[in-house]
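Residue-level structural notes
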Amino acid sequence: MQSLPVAVTRLFDCVKILDKTTLSTLEFPLILSELASLAATPLGMEAALSLSPKSTLEAAETQFQRYLEVASLIELLGALPIGGATDTRPLLKKASKEGAYLSCEEFSQVKSLLSSVNSLRSLASFPSFDDKYPITDRRLNAFSDQSFLTGELKRVIDDDGGISDRASPELLHIRRELKGMRGRARRLIDDLRRSEDFKEWLQEDFYTIRDDRYVLLIKAGYQTRFPGIIHGRSASGETYFIEPYKVVELNNELSLLKKDEKAEEIRILRELSKVVVSEADGLTEDQGIVGSFDLDSAKAAFSEKLGCSVPELGASGEVRLMGARHPLLILKGFTGDTTVRPVDIRLEEGVKVLVISGANTGGKTVALKTLGLITLMAQSAIPVPVSAGSRLRVFGRISADIGDSQGIAEDLSTFSGHIKRLGSFLADAAPGDLILIDEIGVGTDPSEGSVLSLALLEEFSARGAVTVVSTHMNLLKAHAAVDEAFMNATVIFDKETLEPSYNLSYGMPGQSLGLSIAGSLGIPESVVANARGKLTSDESAFIESLKDINRERDRLIALNNRLAAVTEARDLALKKLRDERAKIVERLKKRLEKKAKEAEDEIRNIVAALKEKEREARLKTGTADRAGRSAAVKAKAVARGALPHDALRPVKPYLPKEGDKVSVSGSSTKGIVVKVMADTKEVELKVGAMKIKAPWKKLEKTGGKLTRAEPVQSSGDNFDYSVDAAYSINIIGNRVEASVKLVTKFLDDAHLAGLPEVEIIHGKGTGVLGAAIREFLAGNPLVESYEQGDERGGGAGVTMVRLKG
């Protein structure tokens, strides 16, 4: 990783909206170093250290949108497939020189870059990727096409990082010869090793290779007797490495082949290097894209580590930092060295100068640095540690004078260094600038420092810049109370502990409390009291007015807190009351529903019982009425000649027997009884080729038993037909549609049975059912006429129907 001074220098070279001192003052390079430490590759580290704030809203928002898509992908995948890409620019520069070529290790670095490119490019294969991640999709499509180079590298460089046998036919031929020759050399030296002539001379029962030549390990004392060339001895002097004369020729041939192999490998590497150089521009661009993805990945890790978010950005308008925490204090807090306290910082629209005052205990400086550093981070598209609802402006230039500006090398006092910095700010001040000044006007006569500070602030405001200053000068506090372009703010201070809360209260100045703090830090009370006595009347009056303001503020704060407590208690009581009322209502609702269901069941049972009683009563009265009416109908039928005179005589019940010839009353059907079913009072008749069932009461015996030779007569079609006509039908309680169906069948059966008149009991009720039945009767072809029943027979609840003959 680059050192911090190098990072600062790089930033100073590329950042146009701030100067080197401002960068160091706001400690922005330390943020970049932390960001670089979270990168996965040197490319991401370099991209982090080269990061610079953007001076336009569009540029900053574009970078944030790019980051947010990558952060969403990381949340989905866990991590980006960046791999181990490295910086290949030095390799490309080397390979571009005449006669130079890259080594296998260097080619492996190029392969690693291309592998990262291909892994990232594979993300675009996800379903609907271009719709969900349009910016990322465009970045992936910007990768160059390196398919040819990828294929060449795969062909030449094997998985172990060496040159593959397939790199060229010549190399394959040489390596096959080398393999065969090594085999012969090993077999020959193995024969010598196993020979009884040299067994006692061997120090070890194996061979080794020295200077690319096969040798045996011979004991000291036998080296002059063994036939071979000595290539050295061990450190102890006990062993000599001797090349047997019998393998010298083979070793010589192996050496020549090794040289040929090396020459062919160099030729291959040179050719491959030329291919890499031809793709240098594309590789450089690809490397930058990989680095940018790694940078966005590092931003995501930084955001998670520090609890950051992306704020709302605007080109103008208010600045609103909610729960802002200084990033470096957060990092320091991980070691337990400090506690980070969030601060709310507001710059309302239209306010050009924010004057922060209060006790001299560090809270003001922290607020200035937090605002400056978070603004730089946001304009660099780095997530910032703020709460939801935060908003930042994109400033064209950011300048900061925080800390001691004394320059020993330039022979400048604190005041001179301070004024020189402010002079440079003034020279460059323009609309849309942000200027941060800590302890403005210090280091000189307080009265002169006050008026000079006020004049500078007014000039910054006139030029359209936004300035935030910390001060103890009463003149600036008083001016901020009457100038609409100025606003007072004070660091809230705990008078008991004499420590700042690091949060700001807006709209009023704060007391410096220098004498009180001096007493708490060991200055004798007598000295402090003496100092209080030396305050001028004007200064005393101003301090007393500030005390009155602060007392009034404290009173209002206390009232507000009490009001908030009362409101909270009221809200809790109301909530409890509503909850209890809801519970009571729910219990009552359930109780009422239970009672209603019980009442409904009881009513249903009562209605059912009443209906049953009514039905029983109607059956009793209806049977007698129908019997009387039936007799009257029969009498009328006899009088008209529709029935014989003996039809009025009582009829003895007929008990059918198997084989009886019978007819079915009310129809022309005749048949023979083939089966008698006493339990159901029915018989099974054979009528023609079919069998039908008929009740006993409908049968009339027509003759003796049917012989086998007699045919069965049937005047109807061959279908299962049984007529059981009734004189009356009760349709009370049925719907109109169902009632019409019942009456239709009732009339058909009655007409088929030859009944001249029938009655329909439909009840009075609303009259709807009776009207519907009469309307139906008016259009029925079987009906000759109909009329309302007499009062004794049911009146309007009954309709008497006369059927056609």
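Refer to the structure above for everything that follows.
Below: a short report on this structure. (Residues numbered from 1 in each chain as written. Predicted model: local features only at pLDDT ≥ 70, side-chain atom pairs only at ≥ 80, totals over all residues. Heavy atoms only, no water.)

1. Re the overall build of the chain
Here is the rule: Secondary structure follows DSSP: runs of H or I at least 4 residues long count as helices, runs of E at least 2 residues long count as strands, and numbering of each begins at the N terminus. Burial status follows relative accessibility: with a 1.4 Å probe on protein chains alone, a residue under 20% of its type maximum counts as buried, one over 50% as exposed, and anything between as partly exposed. The contact criterion used is simple: two residues touch if any of their non-hydrogen atoms lie within 4.5 Å. Methods summary: accessible areas were calculated by the Shrake-Rupley approach with a probe of 1.4 Å, and residue burial reflects only the protein chains presented.
Within the chain, the regular secondary structure consists of 23 helices and 23 strands. The burial tally for the chain puts 41% of its 805 residues in the buried class. Considering only contacts within the chain whose residues lie at least 6 apart along the sequence, 67% involve residues at least 24 apart. Summed over all atoms, the accessible surface of the chain reaches about 43,500 Å², with 53% contributed by carbon and sulfur.

2. A word on the packing of aromatic side chains
The geometry of two aromatic rings is summed up by the distance between their centres and the angle between their planes. So the rule is basically this: Between the rings of Phe, Tyr and Trp (Trp by its six-membered ring), a pair exists once the centres lie within 6.5 Å; its type follows the angle of the planes, with under 30 degrees stacked, over 60 edge-to-face, and the other angles tilted. Criterion for a charge above a ring: Lys NZ or Arg CZ within 6 Å of the ring centre, and within 35 degrees of the ring normal.
Inspection of every chain in the model, using the stated rule, returns seven aromatic pairs. Centre to centre, the rings of Trp 201 and Phe 226 are 6.4 Å apart; their planes meet at 75°, and the pair counts as edge-to-face. Taken together, the positions of Trp 201 in the loop between helix H11 (169–194) and strand E1 (202–210) and Phe 226 in the loop between strand E2 (213–219) and strand E3 (228–233) put the pair 25 residues apart, joining distant regions of the chain. A relative accessible area of 13% places Trp 201 in the buried class. Take Phe 226: its relative accessible area is 4%, and that puts it in the buried class. Taken together, the ring pairs connect Phe 198, Trp 201, Tyr 222 and Phe 226 into an aromatic cluster. Over the face of the ring belonging to Phe 293 we find Arg 139, whose NZ or CZ atom lies 3.9 Å from the ring centre.

3. Examining the packing of helix H3 (residues 28–37) against helix H13 (residues 280–306)
Filter applied, for reference: Inter-axis angles, ranging from 0 to 180 degrees, are taken between N-to-C directions of lines fitted to C-alpha atoms, where helices are fitted over the stretch in contact. Any angle that falls under 35 degrees is termed roughly parallel, while one over 145 is termed roughly antiparallel, one within 65 to 115 roughly perpendicular, and all others oblique.
Look at H3 against H13: their axes get within 8 Å of each other, and the N-to-C directions meet at 105°. On the basis of the axis angle, H3 is roughly perpendicular to H13. Residues Ile 31, Glu 34 and Leu 35 of H3 form the contact with H13, whose participating residues are Leu 295, Ala 298, Lys 299, Phe 302 and Lys 305.

4. Some remarks on the pairing of strand E10 (residues 397–401)
This is how the line gets drawn: Any two strands with at least two DSSP-identified bridges between them are counted as paired.
With four of five residues buried, E10 is to be regarded as a mostly interior element. Across five bridges, E10 lies against strand E11 (residues 433–437) in parallel orientation. Across the sheet, residue Arg 397 finds its bridge partner in E11, namely Asp 433.

5. With respect to the pattern of salt bridges
The line we're drawing: Here, a salt bridge means any Lys or Arg side-chain nitrogen found within 4 Å of an Asp or Glu carboxyl oxygen.
Considering all chains together, one arrives at 23 salt bridges under this definition. Note that Asp 296 is salt-bridged to Arg 66, the shortest N-O span being 3.0 Å. Of this pair, Asp 296 sits in helix H13 while Arg 66 sits in helix H5 (residues 57–77); the two residues are 230 residues apart in sequence, bridging distant segments of the chain. Under the relative-accessibility criterion, Arg 66 is labelled buried at 15%. Here Glu 348 ties to Arg 346 by a salt bridge, and the two come within 3.4 Å at their closest N and O atoms. By relative accessible area, Arg 346 is classed as partly exposed at 28%. Overlapping salt bridges bring together Asp 165, Arg 175, Lys 258, Glu 261 and Glu 265 as one network.

6. Examining the environment of Thr 86
Within the element layout of this structure, Thr 86 appears in the loop between H5 and helix H6 (89–95). Using a relative accessible area of 22% as the deciding quantity, one classes Thr 86 as partly exposed. Residues Thr 86 and Gln 287, 201 residues apart in the sequence, show an inter-C-alpha distance of 8.2 Å. If near-sequence neighbours (up to four positions away) are discounted, Thr 86 is found in contact with Leu 43, Gln 109 and Gln 287.

7. Comments concerning the pairing of E2
Within E2, six of the seven residues are buried, which leaves the element mostly enclosed by the surrounding structure. Relative to E2, E1 runs antiparallel, the two being bridged by five bridges. Looking across to E2, one finds that Tyr 207 is bridged to Leu 216. The hairpin formed by E1 and E2 contains two residues between the paired strands, and Asp 211 there has a positive phi angle of roughly 55°. Sheet topology places E2 next to strand E4 (residues 239–244); four bridges connect them, and they run antiparallel. Note on E4: the bridge partner recorded for Leu 217 is Phe 241.

8. A short note on the sheet that holds E3
Taken in spatial order, the four strands line up as E1-E2-E4-E3 in an open sheet, and their pairing is antiparallel. If you trace the sheet from one side to the other, it starts and ends with E1 and E3, each paired once. The sheet shows a mean angle of 35° between the axes of neighbouring strands, taken without regard to direction. Against the sheet, H11 engages E1, E2 and E4, with an angle of about 15° to E2.

9. What about the sheet that holds strand E22 (residues 783–788)?
Spatial ordering of the open sheet is given by E20-E21-E23-E22, a layout of four strands whose pairing is mixed. On the outer flanks of this sheet lie strand E20 (728–730) and E22, each paired with one strand and no other. Across this sheet, the average inter-strand angle for adjacent strands is 20°, counted without regard to direction. Sheet topology note: the strand E21 (residues 757–761)/strand E23 (residues 798–803) ladder contains five bridges and is antiparallel. Its bridge partner being in E23, Glu 757 is matched across the sheet by Arg 802. Set on the sheet, helix H23 (residues 768–778) makes contact with E21, E22 and E23; between it and E22 the angle comes to about 155°.

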